[in-house]
Amino acid sequence: MSDIKKDHSIGEGAGAVTGAVTGAAVGSAAGPVGTVVGALAGGVLGAKAGGGIAEAINPTEYNDHWKNSYQSTSYYNNSRDWSDYEPAYKYGYDTYGQYRGQKFDDVESDLERGWESGKANSRLAWGEAKGAVKDGWHYVERAIPGDADRDGR
């Protein structure tokens, strides 16, 4: 499998999972049926968005960028390590496509609700993870042509 095809598959798979988790979290406000419907809709939309983002950004290069620079960010806490921050950057990458065209600040409450189920083994609470999620989100936003949310990035 070529690296490009593999990156698209990774992007689609990551988008589907993150979309399903976030959709379920948001849909749960409507009860059990809302959770199921939200997960299904989020999974489908997330897969499409993830594949499109993987065309603009190589997920491996994205991960390497943050792995090499996370310790120089203003939100870095030296009692945490890459295994704590990596899921936050991944969450920013994965969720951008789901909310493309919207401002991070406008969807932050949805992202916060989905963080607990999307954070894998990270020890970061949302308050600690938010900076990395937001940086990841804006990295993706800057790589995609146009300014979908009109925030100048």
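Residues numbered from 1 in each chain as written. Predicted model: local features only at pLDDT ≥ 70, side-chain atom pairs only at ≥ 80, totals over all residues. Heavy atoms only, no water.

**Things to note about the packing of helix α4 (residues 82-96) against helix α6 (residues 126-143)**
Phase 1: Between α4 and α6, the least distance of the axes is 7 Å, while the angle of their chain directions is 45°. In this view, α4 runs oblique relative to α6, as classed from their interaxial angle. Our pair here, α4 against α6, has a crossing hand that is right-handed. Of the residues in α6, those touching α4 at Tyr85, Ala88, Tyr89, Tyr91, Gly92, Tyr93, Thr95 and Tyr96 are Trp126, Ala129, Ala132, Val133, Asp135, Gly136, Trp137, Val140 and Glu141.
Phase 2: Partitioning the contact of α4 with α6 into residue classes produces 12 nonpolar, 3 polar and 2 charged. (Axes fitted to C-alpha atoms, helices over the stretch in contact; angles between N-to-C directions. Helix = DSSP H or I, 4+ residues; strand = E, 2+ residues; numbered from the N terminus. Parallel < 35°, antiparallel > 145°, perpendicular 65-115°, else oblique. Left-handed = near helix turned anticlockwise from the far one by under 90°. Contact = heavy atoms within 4.5 Å. Nonpolar A, V, L, I, M, F, W, Y, C, P; charged D, E, K, R; others polar.)

**Focus: the environment of Arg100**
Phase 1: Mapped onto the fold, Arg100 is located in the loop between α4 and α5 (104-118).
Phase 2: For the pair formed by Arg100 and Val140, sequence separation is 40 residues and the distance between their alpha carbons is 9.9 Å.

**Quick look at α6**
Phase 1: With 18 residues, α6 ought to run about 26 Å at 1.5 Å a step, and its terminal C-alpha atoms sit 25 Å apart, in line with that.
Phase 2: Of the residues making up α6, those classed as buried are Trp126, Ala129, Ala132, Val133, Gly136, Trp137, His138, Val140 and Glu141. (Expected span 1.5 Å × (residues − 1). Buried < 20%, exposed > 50% of the residue type's maximum accessible area, 1.4 Å probe, protein only.)

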